Amino acid sequence: MKDNNITTVKPFLTVYNGKKAVDFYISAFGAIETKRFEMPDQKISSVIEIEKAEFYVGNEESLNGNLRPDLKLSSSIRVILQTRNADKLFEKAIKLGATEICPMTTEEDWRIGKLKDPFGHIWEIGHTL
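What you see is a predicted model, and the numbers here were worked out from it, not measured in a lab. (Residues numbered from 1 in each chain as written. Predicted model: local features only at pLDDT ≥ 70, side-chain atom pairs only at ≥ 80, totals over all residues. Heavy atoms only, no water.)

A. View of the sheet that holds strand 6 (residues 99-107). Taken in spatial order, the 4 strands line up as 5-8-7-6 in an open sheet, and their pairing is mixed. The open sheet has two edge strands, strand 5 (78-82) and strand 6, and neither has a second partner. Taken pair by pair, the neighbouring strands of this sheet meet at an average axis angle of 15°, ignoring direction. Against the sheet, helix 2 (residues 86-95) makes contact with strand 5, strand 6, strand 7 (110-116) and strand 8 (122-128), and its axis sits at roughly 165° relative to strand 6, the strand it touches most. (Pairing = 2+ DSSP bridges. Helix = DSSP H or I, 4+ residues; strand = E, 2+ residues; numbered from the N terminus. Axes fitted to C-alpha atoms, helices over the stretch in contact; angles between N-to-C directions. Contact = heavy atoms within 4.5 Å.)

Here you go:
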């Protein structure tokens, strides 16, 4: 039985093109789209999972204050993706249009790399050693 009283924190990534972003996360990170909510003007809001880690992706809605990050600036939020598949996912994301900020490297007890996805979101991808 699922416990609905567990505390969680789930990022909601606001983007310009929700459908394109979902396709990127599926291709780059092996994500699965578990729910999609169609909205007016070809916009969407989706629930995404990467190896059972759930987050949300949706089109920006400026009238509601949901704005995408400025692609020219650095985001003040970083998404930490902790996975044993870090090297593979990092490399695939770069090939699909993400921008490398810091290459995959080993630091003390971490294997980690940092990138900006094509939608302006910063990801640190790695795992403990």
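Structure's up, so let's keep going.
B. How the structure looks around the packing of aromatic side chains. Tallied over the entire structure, the rule returns 10 aromatic pairs. With centroids separated by 4.8 Å and ring planes inclined at 50°, the aromatic side chains of Phe29 and Trp123 adopt a geometry described as tilted. Here Phe29 is found in helix 1 (residues 18-29), whereas its partner Trp123 is found in strand 8, with 94 residues between them in sequence. Trp123 shares its class with Phe29; the two are buried. (Phe/Tyr/Trp six-rings, centres within 6.5 Å; stacked < 30°, edge-to-face > 60°. Buried < 20%, exposed > 50% of the residue type's maximum accessible area, 1.4 Å probe, protein only.)

C. Looking closely at the environment of Tyr16. If you trace the backbone, Tyr16 turns up in the loop between strand 1 (12-15) and helix 1. In this structure Tyr16 touches Asn59, Glu60 and Arg68, once residues within four positions along its chain are discounted.

D. Inspection of the side chain of Ser45 at higher detail. Structurally, Ser45 is set in strand 3 (residues 44-50). Beyond its immediate chain neighbours, meaning those up to four positions away, Ser45 contacts Phe12, Lys35, Arg36, Phe37, Met39, Val57 and Gly58.

E. Representation of the sheet that holds strand 3 in the model. Here we have 4 strands laid out as an open sheet, ordered 1-4-3-2, and mixed in their pairing. Pairing within the sheet leaves two strands with one partner each, and these edge strands are strand 1 and strand 2 (32-38). For this sheet, the mean angle separating the axes of adjacent strands, direction not counted, is 20°. As paired elements, strand 2 and strand 3 share 6 bridges and run antiparallel to each other. Looking at the pairing, Glu33 lines up with Ile48 of strand 3.

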